[in-house]
Amino acid sequence: MTLWGWASPQNVYAGSKYQVSIPPAIDADTAQALTADLLDLLNKNTGQLFLLAPASNPLSYMDNLQSGRFTVVFEGPHVLGALSALNLMQPVGIFSQNQSYVVVVSKRDNDIYQLSDLAGKPLCTGGIPDLYSLHLLGQIDNPSREPVLLPVADHRRRIRALINGQCQAATIQTTRYLTLDPADGFDDLRIIHQSSTLPGFGVAIANDLPDDLGANITTTLTSGEGRRIARSLAIALTGDDAPLVAMNDDRLETLIKLADLVDIYFNLP
């Protein structure tokens, strides 16, 4: 049983409006600016109308993912893997820069030096469905040793929340950690854990699209112009300037291996 329930996929693509979605952790104004040129390119190349689907909150966003509302979804590898495993969407591209994250605490904290020390303590993480927090929980075998997750989407706000005592640890993408300024609190942080390498974010398209439209969308997104336009989105999602490359069987297999991380949201087979 899923946390937010389940709705059967619906064919919502019979009309002329096609929905493009990015994670709700990116605020609406920023999302609109990041996707405007990409929407224009899709509209031009397909002759159809593509619109950004705003995410009002993480819960409705997850429900919309499962109900088949979106035509194009930019998401983390774990979500793309789950959508593929459920035969809802086909991942067609991935940002080629791998990613990792670190768990940091305040240098003033003398109680936390390893993951087991996080038991029952507040951990500031990214917004639902955050890859890093879900991956971190997978590293902790004993549920009684798990931290209490506090979603804070913006990474700088997350670090400020840590320094101000709202949480005792925080996850942050490694590149973003390395580019923090002293004003962001960099000098006050201490790393207690660095993750293994994870695949980057990517993009998937709905499985129930007409074949010619699906092929056109895929070609557009992975074209030279599509990759150029999508680079700013890659930076916004993970902090890395990574080109979008076409999906292949090996990359897809890697994504599907991460699908279990989001079983709390998706009723995986």
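Our structure is the block above this text.
Notes on the structure in this doc start here. This is a predicted model, so every value here is computed, not measured. (Residues numbered from 1 in each chain as written. Predicted model: local features only at pLDDT ≥ 70, side-chain atom pairs only at ≥ 80, totals over all residues. Heavy atoms only, no water.)

**A short note on the packing of helix H7 (residues 211-222) against helix H8 (residues 224-238)**
The packing of two helices is summarised by the inter-axis angle and the distance between the axes.
Phase 1 of the analysis: At a minimum axis separation of 4 Å, H7 and H8 run at an interaxial angle of 65°. Residue-level contacts link Thr220, Leu221 and Thr222 of H7 to Gly224, Gly226 and Arg227 of H8.
Phase 2 of the analysis: Broken down by class, the residue content of the contact of H7 with H8 amounts to one nonpolar, four polar and one charged. (Axes fitted to C-alpha atoms, helices over the stretch in contact; angles between N-to-C directions. Helix = DSSP H or I, 4+ residues; strand = E, 2+ residues; numbered from the N terminus. Contact = heavy atoms within 4.5 Å. Nonpolar A, V, L, I, M, F, W, Y, C, P; charged D, E, K, R; others polar.)

**Observations regarding the state of the cysteines**
Phase 1 of the analysis: Evaluated as defined, the whole model comprises one disulfide.
Phase 2 of the analysis: What pairs with Cys124 in a disulfide is Cys167, and their sulfur atoms sit 2.3 Å apart. Torsion about the S-S bond of the Cys124 and Cys167 cystine: about -110°, corresponding to left-handed handedness. Of this pair, Cys124 sits in strand E6 (residues 122-125) while Cys167 sits in the loop between helix H5 (155-163) and strand E8 (169-173); the two residues are 43 residues apart in sequence, bridging distant segments of the chain.
Phase 3 of the analysis: Under the relative-accessibility criterion, Cys124 is labelled buried at 2%.
Phase 4 of the analysis: The buried category is assigned to Cys167, whose relative accessible area is 3%. (Disulfide = S-S within 2.5 Å. Buried < 20%, exposed > 50% of the residue type's maximum accessible area, 1.4 Å probe, protein only.)

**Regarding the pattern of salt bridges**
Phase 1 of the analysis: For the structure on display, the rule yields four salt bridges.
Phase 2 of the analysis: A salt bridge links Asp184 to Arg156; its shortest N-O distance comes to 3.4 Å. Taken together, the positions of Asp184 in the loop between helix H6 (174-178) and strand E9 (189-194) and Arg156 in helix H5 put the pair 28 residues apart, joining distant regions of the chain.
Phase 3 of the analysis: For Asp184, a relative accessible area of 14% puts it in the buried group. (Salt bridge = Lys/Arg side-chain N within 4 Å of Asp/Glu carboxyl O.)

**Details of the pairing of E8**
Every other side chain in a regular strand lies on the same face of the sheet, so the side chains alternate between the two faces.
Phase 1 of the analysis: In terms of burial, E8 is largely enclosed, as five of its five residues are buried.
Phase 2 of the analysis: Both strand E5 (residues 101-106) and E8 contribute to a ladder of four bridges, which runs antiparallel. Along E8, the bridge assignment pairs Val102 with Ile172. (Pairing = 2+ DSSP bridges.)

**A short note on the side chain of Thr125**
Phase 1 of the analysis: If you trace the backbone, Thr125 turns up in strand E6.
Phase 2 of the analysis: Look at Thr125 and you get buried, because its relative accessible area is 2%.
Phase 3 of the analysis: When near neighbours in sequence (up to four residues on either side) are disregarded, Thr125 contacts Asp130, Ser133, Leu149, Leu150, Pro151, Val152, Ala153, Arg158 and Thr171.

**Focus on the nonpolar core**
Phase 1 of the analysis: Of all hydrophobic cores here, the largest spans 54 residues; its most connected members are Leu65, Val72, Phe74, Phe95, Ile217, Leu221 and Phe266.
Phase 2 of the analysis: At six residues, the largest contribution of residues to this core is made by helix H1 (residues 28-46).
Phase 3 of the analysis: Membership of the second largest hydrophobic core comes to 14 residues, among which are Leu123, Tyr132, Ile192 and Leu258. (Core = buried A, V, L, I, M, F, W, Y, C linked by side-chain atoms within 4.5 Å.)

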